[in-house]
Amino acid sequence: MRIFKSRWFQRFARKEGIADEALREAVARAEKGQIDADLGGEVIKQRIARPGQGRSKGYRTIILFRRGARAFFVYAFAKSQRANIDDDEEEQFKEAAKHVLALTEKQLAELLKRGDFMEVESE
């Protein structure tokens, strides 16, 4: 399973102190079928704990997710800042999932090289 984060998500995670280990853990839970919210169209929402706290008061992440293949962290928000994403945003994420999850290895390598995505290193 390869895990990636968008440039936007990388900045958000760095600012909020979200470690790659938390991203790997969220994907591991999803791989086991422990998905916090399945939005359809290969888009899921997973909770991630704030450093030193639990998941319920932490962050909500939007992941473009294909089990056993790839996961792309593309958006996140603090539960205290926002209740949820709106319907338009959900549709945009579903549309993005169609394209991003269909990328060839060559296309993905180019996006990584340009810095549009970063790969989360495995342990």
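Further up the page is the structure itself.
Residues numbered from 1 in each chain as written. Predicted model: local features only at pLDDT ≥ 70, side-chain atom pairs only at ≥ 80, totals over all residues. Heavy atoms only, no water.

> Would you explain the overall build of the protein in this entry?
Each helix and strand in the protein was counted, giving four helices and six strands. Counted from the first residue to the last, the protein has its helices and strands arranged as β-α-α-β-β-β-β-α-α-β. Taking 14 Å as the expected radius of gyration for a compact globule of 123 residues, we find that the protein reaches 14 Å, a close match to that expectation. The principal-axis extent of the C-alpha atoms belonging to the protein is close to 40 × 30 × 25 Å. Within the span of the protein, comprising 123 residues, buried residues form 42% of the whole. Per element, the accessible surface of the protein, about 6,900 Å² overall, is 47% carbon and sulfur. (Helix = DSSP H or I, 4+ residues; strand = E, 2+ residues; numbered from the N terminus. Rg over C-alpha atoms; globule rule 2.2 N^0.38 Å. Buried < 20%, exposed > 50% of the residue type's maximum accessible area, 1.4 Å probe, protein only. Areas by Shrake-Rupley, 256 points an atom, 1.4 Å probe, with all protein chains shown as cover.)

> How should the environment of Asp116 be read in this particular structure?
In this fold, Asp116 is placed in the loop between α4 (105–114) and β6 (117–120). Separated by 22 residues in sequence, Asp116 and Lys94 have C-alpha atoms that sit 18 Å apart. Once residues lying within four places of it in the same chain are set aside, the contact partners of Asp116 are Lys5, Ser6, Arg7 and Leu111. At 2.4 Å, the side chain of Asp116 and the side chain of Arg114 are in polar contact. (Contact = heavy atoms within 4.5 Å. Polar contact = N/O pair within 3.5 Å; in protein donor to acceptor, adjacent residues only side chain to side chain.)

> Looking at this model, I keep getting lost on the sheet that holds β6. Mind explaining?
Sheets are built from strands paired through backbone hydrogen bonds, the pairs being either parallel or antiparallel. Ordered by their spatial adjacency, six strands build an open sheet running β2-β3-β4-β5-β1-β6, and the pairing between neighbours is mixed. In the strand order of this sheet, the two ends are held by β2 (37–40) and β6, each with one partner. For this sheet the average axis-to-axis angle between neighbouring strands, irrespective of direction, equals 30°. The pairing of strand β1 (residues 2–6) with strand β5 (residues 70–78) spans four bridges and is parallel. When the bridges of β5 are listed, Lys5 appears paired with Phe73. (Pairing = 2+ DSSP bridges. Axes fitted to C-alpha atoms, helices over the stretch in contact; angles between N-to-C directions.)

> Explain the packing of aromatic side chains to me, please; I cannot follow it from the model alone.
Any two aromatic rings considered together are summarised by their centre-to-centre distance and by the angle between their planes. What the rule picks out here adds up to nine aromatic pairs. Measuring from centroid to centroid gives 4.8 Å for Phe4 and Phe72, while their planes differ by 15°, and the two rings are stacked. Placement of the pair is Phe4 in strand β1 and Phe72 in strand β5, with a sequence separation of 68 residues. By the burial criterion, Phe4 is buried, and Phe72 matches it. Through a chain of ring-to-ring contacts, three or more aromatic side chains come together here, namely Trp8, Phe9, Phe12, Tyr59, Phe73, Tyr75, Phe77 and Phe93. The side chain of Arg82 reaches across the aromatic face of Phe77, ending 5.7 Å from its centre. (Phe/Tyr/Trp six-rings, centres within 6.5 Å; stacked < 30°, edge-to-face > 60°. Lys NZ or Arg CZ within 6 Å of the ring centre and 35° of its normal.)

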